[in-house]
Amino acid sequence: MIMRLAILGASGHGKVVADIALLLGYTDVVFFDDSWPNKNSIGSWSVAGTTQTLLDSIIDFEAVIVGIGNNRVRLEKQVVLAAAGATFVTLIHPAAVVSNFAKISKGSVICAGVVVGTETKVGAGVILNSGATVDHDCRLADGVHVAPGAHLSGDVQVGECSWIGIGACVKQGVSIGSDVMVGAGAAVINEVPSGVTVAGNPARPIVSK
Ligand SMILES: CC(C)(COP(=O)(O)OP(=O)(O)OC[C@H]1O[C@@H](n2cnc3c(N)ncnc32)[C@H](O)[C@@H]1OP(=O)(O)O)[C@@H](O)C(=O)NCCC(=O)NCCS
């Protein structure tokens, strides 16, 4: 049976998405990217057109997913495609361990080595990247990215489009607002308000140079 997946976003993350989709039984992946025709290939795949091209051909695909790393852009594109009637897939790598009592919403990607604990709720368009762990009873809003090797203890809340950097860890029960950036390797032990970048151990707000 032919199973065609459209991926919007010909990026490094898009290639990860394609790899997982093929492992899960999709027979064909087709990329779209707004930088087409300048960008006409990605890894082993060709890029077929822009967001508009995809919108015009959406019925040709069994499923659609957004493979864009930028959290806000990923979520915005997902909203546009959903309004056009796209059928979103949730991709869970066969080497991820997801509790039967966790809930993962549409358009999210769970990479190899991820562990998701019981009663955790993961929003739409979320990325749980390689080796990340999200323990029991966490709440991750739409568009969140938990980068490779980051660890969230139980009862952690993460607001819309926040990014937990590579190797960071978050203490149990901590609330992180929306559009937060948690730096690589940070140890978050206190609440983080929306829109703030924190880094270090213990994590504190930083100012970009
Ligand atoms: C936190 C981060 C976003 C800050 O980037 P930035 O806004 O460009 O900040 P700058 O590089 O200008 O650094 C500002 C200050 O914060 C410090 N800093 C930056 N990142 C830090 C980190 N992860 N831990 C500790 N300190 C950090 C810098 O040393 C600098 O300190 P100084 O003013 O004393 O010299 C970035 O460094 C980071 O950690 N990104 C995570 C990347 C990641 O997870 N990638 C995964 C891809 S899947």
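Everything numeric here is computed off the predicted structure, so don't read it as measured data.

J.: So what about the sheet that holds strand 13 (residues 133-134)? Which residues, and what values?
T.: Paired through backbone hydrogen bonds, the strands of a sheet run either parallel or antiparallel to each other. Taken together, the six strands give an open sheet; going across it, the order is 7-10-13-16-19-22, and neighbouring strands pair in parallel fashion. The outermost strands of the open sheet, each flanked by one partner alone, are strand 7 (97-98) and strand 22 (187-188). Pairing between strand 19 (residues 169-170) and strand 22: two bridges, direction parallel. Among the inter-strand pairings, Val-170 is bridged to a residue of strand 22, identified as Val-188.

J.: Could you give an account of the nonpolar core, with specific residues and numbers?
T.: With 31 residues, the main nonpolar core has Leu-128, Leu-140, Val-146, Leu-152, Ile-164, Ile-176 and Val-182 as its most contacted residues. Among residues more than four places away in sequence, those in contact with Leu-128 are Val-109, Ile-110, Cys-111, Val-114, Val-116, Val-122, Val-134, Leu-140 and Val-146. Counting 18 residues, the second largest nonpolar core, distinct from the first, contains Ala-10, Val-17, Ile-20 and Tyr-26.

J.: Give a detailed account of the site of the ligand, specifying residues and quantitative values.
T.: Close to the ligand lie 17 residues, the nearest being Gly-165, Ile-166, Ala-184, Ser-208 and Lys-209. Contacts to the ligand include Lys-209, whose backbone N or O atom sits 2.8 Å from an oxygen atom. Relative to its free-state accessible area of 900 Å², the ligand is covered by the protein chains to the extent of 51%. The class makeup of the residues in the shell around the ligand is nine nonpolar, seven polar and one charged.

J.: Run through the pattern of salt bridges, naming residues and quoting values.
T.: Where charged atoms from two side chains of opposite charge come close, those side chains can pair. All chains considered together, the criterion is met by four salt bridges. For Asp-28, the salt bridge is made with Arg-4, and the minimal N-O distance between the two is 3.5 Å. Here Arg-4 lies in strand 1 (residues 4-8) and Asp-28 lies in strand 2 (residues 28-32), a separation of 24 residues in the sequence. Residue Asp-28 is classed as partly exposed on the basis of its relative accessible area of 31%. A salt bridge links Asp-179 to Arg-72, with the shortest nitrogen-to-oxygen separation between them at 3.0 Å. Here the residue Asp-179 occupies a position in the loop between strand 20 (175-176) and strand 21 (181-182), and Arg-72 occupies one in helix 3 (residues 71-83), the gap between them amounting to 107 residues. Judged by relative accessible area, which is 31%, Arg-72 ranks as partly exposed.

J.: Describe the side chain of Thr-51, and please don't skip the residues or the numbers.
T.: Within the element layout of this structure, Thr-51 appears in helix 2 (residues 51-56). You can call Thr-51 buried: its relative accessible area is 7%. Sequence-distant contacts of Thr-51, defined by excluding residues within four places in its chain, comprise Leu-8, Asp-34 and Lys-77.

J.: Residue-level account of the sheet that holds strand 9 (residues 109-110), with values.
T.: Strand order in the open sheet made by the eight strands is 6-9-12-15-18-21-23-24, with mixed pairing throughout. Pairing within the sheet leaves two strands with one partner each, and these edge strands are strand 6 (91-92) and strand 24 (204-205). Relative to strand 23 (residues 197-199), strand 21 runs parallel, the two being bridged by two bridges. Along strand 23, the bridge assignment pairs Val-182 with Val-198.

Basis of the calculations
Residues numbered from 1 in each chain as written. Predicted model: local features only at pLDDT ≥ 70, side-chain atom pairs only at ≥ 80, totals over all residues. Heavy atoms only, no water. Pairing = 2+ DSSP bridges. Helix = DSSP H or I, 4+ residues; strand = E, 2+ residues; numbered from the N terminus. Core = buried A, V, L, I, M, F, W, Y, C linked by side-chain atoms within 4.5 Å. Buried < 20%, exposed > 50% of the residue type's maximum accessible area, 1.4 Å probe, protein only. Contact = heavy atoms within 4.5 Å. Near = heavy atom within 4 Å. Polar contact = N/O pair within 3.5 Å; in protein donor to acceptor, adjacent residues only side chain to side chain. Areas by Shrake-Rupley, 256 points an atom, 1.4 Å probe, with all protein chains shown as cover. Nonpolar A, V, L, I, M, F, W, Y, C, P; charged D, E, K, R; others polar. Salt bridge = Lys/Arg side-chain N within 4 Å of Asp/Glu carboxyl O.

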